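# Examining the three-dimensional arrangement
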Amino acid sequence: MRTFHLVFTALLGLALTAGTAHAQDPPSTDLWLVPLPASLDLFTPSDATNLTDRDGYDNQPMFLPDGSGLLYTSFQDGQTDIYHYDLAAQVATPVTRTPESEYSATPYGDASRFSVIRVEADGMQRLWSFDRDGQTPQLVLEDVAPVGYHAWSTDRTLGLFVLGEPPTFQVADATTGQSVVHAGNIGRSLHRIPGTDHISFAQRTDDAWQLMRYVPTDNRVDTLTAPAGPAPHPQRSAAMDYAWHPSGAVLTVYDGVLYAWTEGSWEALADLSAVGLTDVTRLTVHPEGRALVVVAARNAAP
């Protein structure tokens, strides 16, 4: 099981470096800021700014609720920590400085704390939280593991990507510690839908991705759109990366093109290759829709 755990996690982009296991260093990636127009119409991107610009893994960006900056995962000195990028000062600083590796920083509640996936000393992945300064670590879910990704529905309820064969979508209660499986064979991108307490995730069925929604009030899962992307493709990344715009549109990047899903159809918005971004994976949107931050392979951009 230990071997399966390491291999499966690496395939999903979580490079484990805990304990005595020496996983290969994760790929070199950068965070790029792309301005967005006021309305989500077809546009030509005029510029993109490399926020990290270094050899090494910088990934999993998440805007802070006030839009002043973002948290992200950075692999340095053999492990990952959470970093904060201040957009006004254009400065990156470490937030966590722990012997363990942390991933997927996500502010929640009143944003006085953020949650992470922590790789503990024995290699187990569980959900922890820190205060905004990276202090007072607390275990959130003691009995749910191995957790790969997560998204908060409320300050008590959250959706989880739990590793397994297949990986499952689970809904957990941070107060009771209980977790219930609601779907299987899901992708890594979990998000709260703007203006709601609903959680969205991608699920693969019959060799195609569908974008799904969990509705807490009814405790049900339904389909938002299929296929979950601008074009069905058997070789599409199992990640199915996407993000929500505050207008209610879903954004994703496919073959270097930024697409938006609204009212049941996908429309091309911009060719990101015009600013040198071709190999794009994860993305996050400014809370006011002003900009998009994407992750791009370091050798895929100028």
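Note that the structure is predicted; figures quoted are calculated from it, not measured. (Residues numbered from 1 in each chain as written. Predicted model: local features only at pLDDT ≥ 70, side-chain atom pairs only at ≥ 80, totals over all residues. Heavy atoms only, no water.)

### Looking at the environment of Leu258
Turning to its location among the elements, Leu258 is positioned in strand β21 (residues 257-262). Residue classification places Leu258 among the buried positions, given a relative accessible area of 1%. Sequence-distant contacts of Leu258, that is, excluding residues within four places in its chain, are made with Leu36, Phe43, Leu251, Thr252, Val253, Glu267, Ala268, Leu269, Ala270, Leu272 and Leu292. (Helix = DSSP H or I, 4+ residues; strand = E, 2+ residues; numbered from the N terminus. Buried < 20%, exposed > 50% of the residue type's maximum accessible area, 1.4 Å probe, protein only. Contact = heavy atoms within 4.5 Å.)

### Regarding the pairing of strand β18 (residues 220-225)
When strand β17 (residues 208-215) meets β18, the two strands line up antiparallel, connected through 5 bridges. Each bridged residue has a counterpart across the sheet, and for Val215 the counterpart in β18 is Arg220. Hairpin remark: β17 followed by β18, antiparallel, with 4 residues in the connecting loop; positive phi at Asn219, about 55 degrees. (Pairing = 2+ DSSP bridges.)

### A few points about unusual backbone geometry
The omega torsion across Ala145 and Pro146 is -5 degrees, close enough to zero to call that bond cis. Each neighbour pair has its own omega, and for Glu165 with Pro166 the value is 5 degrees, a cis peptide bond. Among the structural elements, Pro166 can be located in the loop between β12 (157-162) and β13 (168-173). Positive phi values are uncommon outside glycine, yet Ala111 reaches one of about 70 degrees.

### Side note on the sheet that holds β12
Judged by pairing direction, the sheet is antiparallel, and its 4 strands sit side by side in the order β11-β12-β13-β14 without closing on themselves. Each having just a single partner strand, β11 (147-152) and β14 (179-184) make up the two edges of the open sheet. Ignoring strand direction, the axes of neighbouring strands in this sheet form an average angle of 25 degrees. Pairing analysis gives 5 bridges linking β13 to β14, with the strands arranged antiparallel. When the sheet's bridge partners are listed, Gln170 is paired in β14 with Val181. (Axes fitted to C-alpha atoms, helices over the stretch in contact; angles between N-to-C directions.)

### Some remarks on the environment of Glu120
Note that Glu120 resides in the loop between β8 (113-119) and β9 (125-131). Given the relative accessible area of 10%, Glu120 is considered buried. Side-chain polar atoms of Glu120 contact the side chain of Arg126, separated by 2.7 Å. Within polar-contact distance, the side chain of Glu120 engages the side chain of Trp128 at 2.9 Å. (Polar contact = N/O pair within 3.5 Å; in protein donor to acceptor, adjacent residues only side chain to side chain.)

### Concerning the packing of aromatic side chains
This model, assessed by the stated rule, comprises 6 aromatic pairs. Ring geometry for Phe114 and Phe130: centres 5.8 Å apart, planes at 20 degrees, overall stacked. Highlighted residues: Phe114 in strand β8 and Phe130 in strand β9, separated in sequence by 16 residues. Note on accessibility: Phe114 and Phe130 belong to one class, buried. Among the aromatic side chains, those forming a connected cluster through ring pairs are Phe169, Phe201 and Tyr214. Here Arg118 stacks its cationic end above the ring of Trp128, 4.6 Å away from the centre of that ring. (Phe/Tyr/Trp six-rings, centres within 6.5 Å; stacked < 30°, edge-to-face > 60°. Lys NZ or Arg CZ within 6 Å of the ring centre and 35° of its normal.)

### Points about the pattern of salt bridges
For the structure on display, the rule yields 13 salt bridges. Put simply, Asp173 and Arg156 hold a salt bridge, and the shortest N to O gap is 2.8 Å. Remark: Arg156 occurs in the loop between β11 and β12 and Asp173 occurs in strand β13; sequence separation between them is 17 residues. A residue is classified by how much of its surface remains accessible, and Arg156, at 38% relative accessible area, is partly exposed. Several salt bridges converge on common partners, so that one network encompasses Asp30, Asp53, Asp55 and Arg298. (Salt bridge = Lys/Arg side-chain N within 4 Å of Asp/Glu carboxyl O.)

### What about the nonpolar core?
By size, the foremost hydrophobic cluster in this structure holds 21 residues, and its most contacted members are Leu36, Leu251, Leu258, Leu277, Leu292 and Val294. Going through the elements one at a time, β1 (29-35), β20 (250-254), β21, β22 (265-271), β23 (280-285) and β24 (291-297) are the ones with two or more residues in this core. Ignoring sequence-local partners within four residues, the contact set of Leu251 consists of Leu36, Leu40, Tyr242, Ala243, His245, Leu258, Tyr259, Ala260, Leu269, Leu283, Val285 and Leu292. (Core = buried A, V, L, I, M, F, W, Y, C linked by side-chain atoms within 4.5 Å.)

### Let's talk about the pairing of strand β16 (residues 199-205)
In terms of residue burial, β16 counts as a mostly covered element, since 6 of its 7 residues are buried. A loop of 6 residues connects strand β15 (residues 191-192) with β16, the two strands running antiparallel in sequence, and Gly195 in this loop sits at a positive phi of about 80 degrees. As paired elements, β16 and β17 share 7 bridges and run antiparallel to each other. Within the sheet, the bridge partner assigned to Thr205 lies in β17 and is Ala208. Between the end of β16 and the start of β17, which pair antiparallel, lie 2 residues, with Asp206 showing a positive phi angle near 50 degrees.

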